[in-house]
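Residue-level structure breakdown
Below, each chain spelled out in residue letters.
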Amino acid sequence: MESSSSGSAKARQSSGGGGGADTFDIPGKGAPIERLKRWRQAALVLNASRRFRYTLDLKKEEQKEEVKRKIRAQAHVIRAAYRFKEAARVNVQPKETTAPHVDGALGFGIKEEQLTALTRDHNYSALQQYGGISGVANMLKTDMEKGTGGDDPDLKARQNAFGSNTYPRKKGRSFLAFVWDACKDLTLIILMVAAAVSLALGIATEGIKEGWYDGASIGFAVLLVVFVTATTDYKQSLQFQNLNEEKQNISLEVVRGGRRIKVSIYDLVVGDVVPLKIGDQVPADGILISGHSFSIDESSMTGESKIVNKDQKSPFMMSGCKVADGYGTMLVTAVGINTEWGLLMASISEDSGEETPLQVRLNGVATFIGIIGLTVAVLVLVVLVARYFTGHTYNPDGSPQYVKGKMGVGATIKGIVKIFTVAVTIVVVAVPEGLPLAVTLTLAFSMRKMMRDKALVRRLSACETMGSATTICSDKTGTLTLNQMTVTEAYFGGKKMVPTDNTEMLSASVSTMIIEGIAQNTSGSIFEPEGGQAEVTGSPTEKAILSWGLQLGMKFNETRSKSSILQVFPFNSEKKRGGVAVHVGDSEVHIYWKGAAELILESCTDWLDADGSKHSMTPEKVGEFKKFIEDMAVASLRCVAFAYRPCEMSDVPNEDQRAEWILPEDNLIMLGIIGIKDPCRPGVQDSIRLCTAAGIKVRMVTGDNLQTARAIALECGILTDPNVLEPIIIEGKTFRALSDLAREEAAEKICVMGRSSPNDKLLFVKALRNRGHVVAVTGDGTNDAPALHEADIGLSMGIQGTEVAKESSDIIILDDNFASIVRVVRWGRSVYANIQKFIQFQLTVNVAALIINVVSAVSSGDVPLNAVQLLWVNLIMDTLGALALATEPPNNHLMQRPPVGRREPLITNIMWRNLLIMAFYQVAVLLALNFDGQNLLQLKHDNHAHAEKVKNTFIFNTFVLCQVFNEFNARKPDELNVFKGITGNHLFMGIIAITVVLQVLIIEFLGKFTSTVRLSWQLWLVSIGLAFISWPLALLGKLIPVPDRPFSDLFACCCPGKKQDDDVKEEEGSAKQGEV
């Protein structure tokens, strides 16, 4: 096992540090603005609007922040004015205040603007004049317990009177805007100018009948490139738009007709009653009806990171804020554009701009290739111009193109324009503008498909990073298990209840106390329709407990009405317990606790017998309870204990100080323990096996006790040996107590962590990352946010996850299923693999086209591939190639490789081998044809000019067909069978078919435009035969072994000084990143 120091160094390298080592290297998360500016300045770009379209618009980000500041400042000023007015009113002798005049609005007792002003200005005195929260609810025809009616006419009436919970979105860019962007390419602009000059000169020297072909053909080729590019980009932008809308479509609970139902945030109406709990987003502006320990984080609206307590004196709630603690219900008073959040969202456009590390690295590759291409183009231009003016450039009939003193100005300029056009077209082919855009193409494709696989990508870079994941830290509940919980065992009154709802063995007083504890100490709810079956809502654990309460004979609403809640301690994942204090009558108060069985047991000093008598908790009895807990845990049950503590009303602080009252959690009386069964998800074992084969270690992090965690881990396949010891299976508090170094070493071995708090999860993620791991972590609670943020990939749960957890995550797993996480890994690897396929294909075309044109230009003063032909080749290798190869769906072969290292070269040794074999073959064949084509193709008896045209057409045709055949090779760079799964990729087959059909049309019918002639069927067969050789040649090439060590490392070994310098820069950059 590697030492900790080497692990830490490895981590620093992979954490995105190394500011000085490589400009085109950014971290996957939280890249500093300076780093983003630096790579933009270093990139060689011919079309900035297209190249940088899917990157973060730094200027727009600044403007967005400015708009936010202005709206916040305006709101602060209005509220300050009202507070000033309110203070003046309190200090001055109060006059007789009259309630404000209220106008009915479409059948309601209050108008839209009055309601909006009430909540926007936080006008408490106006609220009092309206009759408080109950007065406003009456005006809105809302029952504060049962909510609105919820029928369609009622919802429609509310939308008509007060608006819908949507805001005007800025329109997406039109297709013409994308056409305009594509036209901004510097090389295409130069070619259009050259086409216009060529057209004018051609018509002037050869007449309109023959002279328009050259100029028009270049113009048409450029327009084709523009429209194909624009169409692809436009479709991509629509996909991103749809994904953005999906991200914002939050699902939430509302109370309608007395029943809690799930609705989209867009369907929320004024008058709705919305239950809120810790981690939820406030979906609209509203007023608090009731709440317990209820506080809001208003930083998203005010810009100040301050937690604000909400109660009857400060009841106003702003849309877009998050619930920081407690739970409560609110009455919706303003929606959509009438809220500050809606105003903010309507003012700023939602951009999908965000550069990913792979995208930036490809910009680096494109810049490197572009510099070589520009150098080659300038060289070709100089050589061709020199040969032209020295009379060494010849017409097809063998006569020199330029004869000093005998050429007209028009003919000379036309000759120079032709040469210049070829040089510019070489730049078009050589600078791979489409390379970085291929990333967004494959990401857009992957994101759309991942939605079907139940994963919503919030951050683009997460798609790529997921392909590099070496470890997944997964929650147990709902991810590895089904989240369908039922109470299967119960231990009350000192004995086991068989069956679990057998209340006959308990006295009436004990049963009453258990039922009261269940009904009052819950964040769930039960809707009891007349004559129908009760509907239970809440978290899976709450639902299981409430359902068990119903079996015991609990009448939920009736039980809750018999006592009143004084104070609540909401369930806390740090303390693993939740409590409530209830006033049961006279001066009697009961404080009920429920939570992790062994932790509640530690706080108990007594226990309650079946007949209701209290006994002291002796060591023997503690052992008995512990044995029962262990037995349930071994059977993979979640153990929840119930306890209470009686006290007097005199011990409870008065109402003004009650918010600060901390419920006593010692000297409790044990009521009993239940065991909740949550079965393993079917197929989870196969998914974990697949991860292990792919070099990804799955680790389980759970709040359950060690024995339950061990049982589930064995069932899932995370553990294979039931007798493993620390640190393979470890408790959160033990891990927490270790030193940093010991924690890192333990983290490497840990498979299961039980009784973990969110902070333990965060420490675990940090330790793993310091060891060089690329960590994916799942989380659903608000307290999981720091770990989700710290991890390389944060995965939040779509069903159980809070809005805070979702906002801190990179990917939302919509069905909370571990199998979906594995599918995300496949897609992540697929993104990387598809880009590599496209790079291999594009670089082969680059290398071949450049070498052929340079060698031909230098040796013969002519190029076999003219401007129009090169533009067609550019279209095949750029936009069409990206569409064909970057949209290849993932296969199981991807999960048989180790994870992709984040510093692994984009062009692997295997790719270099394939690329060089293909490029050398194409160059050899085409140069042989260029220099001795007339002999080889037996054209010697033909007219010289015609034979030359046939030869050049044959070279062009063979070159294009070689790319078509090579596109198949690029599909599987490291597999022998390149046709595997090809029938499933309809887009690939369609693009190949379109390319071949268009090539036939170009050769046979568009010769005037492309300067080609028709080929005989024999030459077509020879052309296909030469291209076909690409397949067996690639197959033989794949049998040639390549070293595991990247060629770049071998080169670094030859230049140790450079490598040392790079390493120093890498360390310095990493250190700076760490300081930040």
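Residues numbered from 1 in each chain as written. Predicted model: local features only at pLDDT ≥ 70, side-chain atom pairs only at ≥ 80, totals over all residues. Heavy atoms only, no water.

Check the secondary structure of the chain and you find 40 helices and 26 strands. Taken over 1076 residues, the chain has a buried fraction of 54%. When contacts within the chain are restricted to residue pairs at least 6 apart in sequence, those whose partners lie at least 24 apart make up 73%. Carbon and sulfur atoms make up 58% of the accessible area of the chain, which totals about 45400 Å². (Helix = DSSP H or I, 4+ residues; strand = E, 2+ residues; numbered from the N terminus. Buried < 20%, exposed > 50% of the residue type's maximum accessible area, 1.4 Å probe, protein only. Contact = heavy atoms within 4.5 Å. Areas by Shrake-Rupley, 256 points an atom, 1.4 Å probe, with all protein chains shown as cover.)

This paragraph deals with the packing of aromatic side chains. Under the definition given, this model contains 21 aromatic pairs. Put simply, the rings of Phe965, Phe968, Phe979, Phe988, Phe1028 and Trp1031 pair up and form one aromatic cluster. Here the guanidinium or amino end of Lys141 rests over the ring plane of Phe108, the centre of that ring lying 5.4 Å away. The ring of Phe988 carries Arg971 above its face, with NZ or CZ at 5.6 Å from the centroid. (Phe/Tyr/Trp six-rings, centres within 6.5 Å; stacked < 30°, edge-to-face > 60°. Lys NZ or Arg CZ within 6 Å of the ring centre and 35° of its normal.)

Here six bridges tie strand E1 (residues 251-256) to strand E2 (residues 259-264), and the two strands are oriented antiparallel to one another. Each residue of the ladder has a partner; that of Val254, found in E2, is Ile261. Here E1 folds back onto E2 in antiparallel fashion, the turn holding two residues, of which Gly257 has a positive phi close to 65 degrees. (Pairing = 2+ DSSP bridges.)

Turning next to the environment of Leu238. Mapped onto the elements, Leu238 comes out in helix H12 (residues 213-248). Residue Leu238 is classed as partly exposed on the basis of its relative accessible area of 34%. The spatial distance from the C-alpha of Leu238 to the C-alpha of Ala444 is 9.6 Å, given a sequence separation of 206 residues.

Here the focus is the pairing of strand E3 (residues 273-277). The buried count for E3 comes to four of five residues, which makes it a mostly enclosed element. Taken together, the five bridges between E3 and strand E7 (residues 322-334) define a ladder with antiparallel strand orientation. Bridging from a neighbouring strand, Leu276 pairs with Gly328 of E7.

With that settled, consider the nonpolar core. Within the largest apolar cluster, 81 residues are counted, with the highest numbers of intra-cluster contacts made by Ile426, Leu871, Phe956 and Phe959. Broken down by element, the residue count for this core peaks at 13 residues, all from helix H34 (residues 944-971). In this structure Phe956 touches Leu865, Gln869, Trp872, Val873, Gln999, Ile1002, Ile1003 and Thr1012, once residues within four positions along its chain are discounted. Residues Val365, Val439, Leu441 and Ile696 belong to the second largest nonpolar core, which totals 71 residues. (Core = buried A, V, L, I, M, F, W, Y, C linked by side-chain atoms within 4.5 Å.)

The end-to-end C-alpha distance of helix H35 (residues 986-1005) is 28 Å, a good match for the 28 Å that 20 residues give at a rise of 1.5 Å each. Taken residue by residue, H35 has Phe988, Ile991, Ile992, Thr995, Gln999, Ile1002, Ile1003 and Glu1004 as its buried positions. (Expected span 1.5 Å × (residues − 1).)

What follows deals with a negative patch on the surface. Taken together, the side chains of Asp586, Glu588, Glu648 and Asp651 define an acidic patch exposed on the protein surface. Structurally, Glu648 can be placed in strand E19 (residues 637-648). (Patch = residues over 30% accessible without salt bridge, like charges linked within 9 Å, V, L, I, M, F, W, Y side chains within 5 Å. Salt bridge = Lys/Arg side-chain N within 4 Å of Asp/Glu carboxyl O. Lys, Arg positive; Asp, Glu negative; His and termini not counted. Charge placed at Lys NZ, Arg CZ, Asp CG, Glu CD.)

On inspection of all chains with the given rule, the structure shows 34 salt bridges. As a salt-bridge pair, Lys594 and Glu542 come within 2.9 Å of each other at their nearest N and O atoms. Placement of Lys594 in strand E16 (residues 588-596) and of Glu542 in helix H20 (residues 540-551) is noted, with a sequence separation of 52 residues between them. Glu558 is the salt-bridge partner of Lys562, the closest N and O atoms lying 3.8 Å from each other. In this pair, Lys562 and Glu558 both sit in helix H21 (residues 556-562), four residues apart, roughly one turn of the helix. One salt-bridge network, held together by shared partners, links Asp475, Lys761 and Asp784.

As a further point, take the confidence of the model for the chain. Of all residues in the chain, 85% attain a pLDDT of 70 or more, and the chain-wide mean is 81. Note on residues 1-21: pLDDT is under 50 here. Beyond four places in sequence and across chains, it has 53 contacts. Between residues 1056-1076, whose pLDDT stays under 50, and residues either more than four places distant or in other chains, the model counts 23 contacts. (pLDDT = per-residue confidence, 0-100.)

For the rest of this paragraph, the subject is a nonpolar patch on the surface. A grouping of Ile994, Val997, Leu998, Leu1001, Phe1005 and Leu1006 is seen on the molecular surface, where their side chains present a nonpolar patch of about 520 Å² in accessible area. For Phe1005, the position within the fold is in helix H35. Of the residues examined, Phe1005 reaches a relative accessible area of 57% and is grouped as exposed.

Here we take up the sheet that holds strand E21 (residues 697-701). Taken in spatial order, the eight strands of this open sheet run E8-E26-E25-E24-E9-E21-E23-E22, and their pairing is mixed. In this open sheet, the two edge strands, each paired with only one partner strand, are strand E8 (455-457) and strand E22 (729-731). In this sheet, neighbouring strand axes are inclined to one another by 20 degrees on average, regardless of whether the strands run parallel or antiparallel. Taken together, the three bridges between E8 and strand E26 (residues 811-813) define a ladder with antiparallel strand orientation. Bridge pairing in E26 links Ala455 to Ile813. (Axes fitted to C-alpha atoms, helices over the stretch in contact; angles between N-to-C directions.)

Cis geometry marks the peptide bond from Val498 to Pro499; its omega dihedral reads -10 degrees. Note the cis peptide between Glu726 and Pro727, where omega equals 0 degrees. One non-glycine residue, Ser1011, lies in positive phi territory at about 60 degrees. On the secondary structure map, Ser1011 appears in the loop between helix H36 (1007-1010) and helix H37 (1017-1028). Exposure remark for Ser1011: the relative accessible area of 33% places this residue in the partly exposed category.

Let's shift gears to the packing of H34 against H37. Contact geometry of H34 with H37 gives a least axis separation of 8 Å together with a crossing angle of 40 degrees. By the angle between their directions, the pair H34 and H37 is classed as oblique. Here the hand of the crossing between H34 and H37 comes out right-handed. Every residue of H37 that contacts H34 at Val950, Phe954, Asn957, Thr958, Leu961, Cys962 and Phe965 is listed here: Leu1019, Trp1020, Val1022, Ser1023, Ile1024, Leu1026, Ala1027 and Phe1028. In terms of residue class, the contact of H34 with H37 is built from twelve nonpolar, three polar and no charged. (Parallel < 35°, antiparallel > 145°, perpendicular 65-115°, else oblique. Left-handed = near helix turned anticlockwise from the far one by under 90°. Nonpolar A, V, L, I, M, F, W, Y, C, P; charged D, E, K, R; others polar.)

Turning our eyes to something else, we now look at the packing of helix H16 (residues 409-430) against helix H31 (residues 818-860). Axis separation between H16 and H31 bottoms out at 10 Å; the angle between their running directions is 160 degrees. Taken as axis vectors, H16 and H31 run roughly antiparallel relative to one another. Handedness of the H16/H31 crossing: left-handed. Contacts from Ile426, Val429 and Ala430 in H16 reach Asn846, Ala849, Leu850 and Asn853 in H31. Grouping the amino acids of the contact of H16 with H31 by side-chain chemistry returns five nonpolar, two polar and no charged.

A word on the side chain of Arg577. Along the chain, the position of Arg577 falls in strand E15 (residues 577-585). Judged by relative accessible area, which is 7%, Arg577 ranks as buried. Side chain to side chain, Arg577 and Ser603 meet in a polar contact 3.3 Å long. When sequence neighbours within four positions are dropped, the list of residues in contact with Arg577 reads Phe569, Pro570, Phe571, Asn572, Trp593, Lys594, Gly595, Leu599, Ile600, Ser603 and Glu665. (Polar contact = N/O pair within 3.5 Å; in protein donor to acceptor, adjacent residues only side chain to side chain.)

Our focus in this paragraph is the environment of Asp272. Within the secondary structure, Asp272 sits in the loop between E2 and E3. Using a relative accessible area of 0% as the deciding quantity, one classes Asp272 as buried. Excluding anything up to four places from it in sequence, Asp272 contacts Thr148, Val254, Arg256, Asp267, Met330, Leu331 and Val332. At 3.0 Å, the side chain of Asp272 and the backbone nitrogen of Val269 are in polar contact.

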